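# Observations on chain architecture
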Amino acid sequence: TRSFTDPSVSMDLLRAVLQPSINEEIQGIFNKYMKFFQTAAINVRDNVGEEVDPEQLIQETCRSCLEQAKLLFSDGKKAVPRLPHEQAVPKRARQMDEELSRRGSPVPKKRKGRPPGQSLSNDRGVSGMAAWKLKVSEPVKRDGPKWDPSRLTETTTFVLGSRANKALGMGGTRGRLYIKHPHLFKYAADPQDKHWLTEQQHMRAIGGKMAYLLIEEDIRDLAASEDYRDSVDLRLEELKPFIPPAWMTEKMQKHMEMLRRGGDVPPPEDPPE
């Protein structure tokens, strides 16, 4: 055991007290740059294919940012290794500046007066982002009747996330639904759930990929909203709703209650769908 007079113990006690405030401020910083991550993740999904989960990509990128930020407090003994492309960026930037100078072209200067992320959507016209009206700086609200676990009963019908995306006209880009509508309740099926879903032929065997379940009523409410009701791509027949067994519904009730109380979604053990 260590004495409370131990300097490291004393400092760690102080850190524990300040940690909630620090976490809140760090989250605010990430919110400022989230538009960059969201745009890039969606582009990767569109270019690579539906096996890419944009939400998972964003989480991994945020974790990588935190790892690299540790370099600010490195004691020189242990440093987080930089990736090859990160080491090359400053050199390429200098070469570009020198080339512009030789040609007599002015080196572009950073614009002032606009917060990070705003120039990307305004200057380059990022497709889809403006239409989604994302408010990344606002926390996801998990209250009201839609987040009342008692609404999940033994007769509540659910749909697969992949089918919900198709029904709302998003095709195979299923990650787009979760980013565009973060207020939706979604439940990541565990191996036991996926076994039942496969046995009942609600989905095909997908190995270690993620499968999300959403409440049918929530998707139909979205379909009836101003954003979707007049869409020519609306395909509600794609939903194929089903009623899960009572044991699965009970797990989803507990999951909804945890999220409503501010709990975080644990990272999935399986690779993303």
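Data block above holds the structure.
Small disclaimer: the values here were computed from a predicted structure and weren't measured.

Right, let's talk about the overall build of the chain for a bit. Counting secondary structure elements, the chain contains 10 helices and three strands. For the chain, the succession of helices and strands along the chain, N to C, is α-α-α-α-α-β-α-α-β-α-β-α-α. Per-residue burial for the chain yields a buried fraction of 31% across its 273 residues. Restricting the contact set of the chain to residue pairs at least 6 apart, pairs at least 24 apart contribute 71%. Approximately 18200 Å² of the chain is accessible, and the part contributed by carbon and sulfur atoms is 54%.

A few words on the sheet that holds strand β1 (residues 158-160). Overall, antiparallel pairing links the three strands, which are arranged β1-β3-β2 in an open sheet. Each edge of the open sheet carries a strand with a single partner, namely β1 and β2 (186-188). The average undirected angle you get between the axes of adjacent strands in this sheet is 30 degrees. Sheet analysis places β2 next to strand β3 (residues 212-215), joined by three bridges and oriented antiparallel. When the bridges of β3 are listed, A188 appears paired with Y212. Helix α9 (residues 216-223) rests against β1 and β3 of the sheet, and its axis sits at about 65 degrees to β3.

With their axes 11 Å apart at the nearest point, helix α8 (residues 191-199) and helix α10 (residues 246-260) run at an angle of 140 degrees to one another. In terms of orientation, α8 lies oblique with respect to α10. As α8 runs across α10, the sense of the crossing is left-handed. Note on element contacts: α10 touches α8 through W247, M248 and K251, opposite Q192, D193 and W196.

In this section: the environment of P182. Assignment of secondary structure puts P182 in the loop between α7 (175-180) and β2. By relative accessible area, which is 40% here, P182 ends up partly exposed. Spatially, the C-alpha atom of P182 lies 9.8 Å from that of R142, the residues being 40 residues apart in sequence.

We now examine the nonpolar core. One broad trend across soluble globular proteins is that nonpolar side chains are buried collectively. The biggest cluster of nonpolar side chains holds 19 residues, and the ones touching the most others in it are L152, F158, F185, L197, L213, F242 and M252. Contributing elements (two or more residues each) for this core: β1, α8, β3 and α10. By residue number, the principal contributor to this core is α10, which donates four residues. Discounting chain neighbours no more than four positions away, the residues touching F158 are L152, L213, L214, I215, E216, K240, P241, F242, P244 and M252. Counting 17 residues, the second largest nonpolar core, distinct from the first, contains I219, L222, Y228 and L234.

This part covers the pattern of salt bridges. Enumeration over the complete set of coordinates arrives at 14 salt bridges. A salt bridge links K146 to D221; the shortest N-O distance between them is 2.7 Å. Of this pair, K146 sits in the loop between α5 (129-132) and β1 while D221 sits in helix α9; the two residues are 75 residues apart in sequence, bridging distant segments of the chain. On the basis of relative accessibility, which here comes to 33%, the residue K146 falls in the partly exposed class. Measuring nitrogen to oxygen at the nearest pair gives 2.9 Å for the salt bridge that ties E217 to R151. Taken together, the residues E217 in helix α9 and R151 in the loop between α5 and β1 connect sequence positions 66 residues apart. Here E217 falls in the partly exposed class, since its relative accessible area comes to 47%. Connected through salt bridges with shared partners, the residues K146, R151, E217, D218 and D221 form a single ionic network.

Criteria and thresholds
Going along each chain's sequence as written, the residues are numbered from 1 onward. Per-residue local features are limited, in this predicted model, to residues with pLDDT of at least 70; the limit for side-chain atom pairs, both in listing and counting, is 80 or more; totals at the level of whole chains, interfaces and linings are taken over all residues. Derived side-chain values reflect all non-hydrogen atoms in the structure, with water molecules and hydrogen atoms excluded from consideration. Per the convention used, a helix needs a DSSP run of H or I reaching at least four residues, while a strand needs a run of E reaching at least two, with both numbered from the N terminus. Burial here depends on accessible area, computed with a 1.4 Å probe over protein chains only, as a share of the maximum for the residue type. Under 20% is buried, over 50% is exposed, and the range in between is partly exposed. Any two residues whose heavy atoms approach within 4.5 Å are treated as being in contact. For the accessible areas, the method is Shrake-Rupley and the probe is 1.4 Å, while residue cover comes only from the protein chains on display. Note: two strands are recorded as paired if DSSP finds a minimum of 2 bridges between them. Axis angles are defined between N-to-C directions and span 0 to 180 degrees, where every axis is a line fitted to C-alpha atoms and, for a helix, only to the segment in contact. An angle counts as roughly parallel when it lies under 35 degrees, as roughly antiparallel when it exceeds 145, as roughly perpendicular when it falls between 65 and 115, and as oblique in every other case. For any pair of crossing helices, the crossing counts as left-handed if the nearer helix is rotated counterclockwise from the farther one by less than a right angle, and right-handed if it is rotated clockwise. Throughout this description, the term nonpolar core refers to a set of buried Ala, Val, Leu, Ile, Met, Phe, Trp, Tyr and Cys residues connected via side-chain atoms within 4.5 Å. By salt bridge we mean one thing: a side-chain nitrogen of Lys or Arg within 4 Å of a carboxyl oxygen of Asp or Glu.

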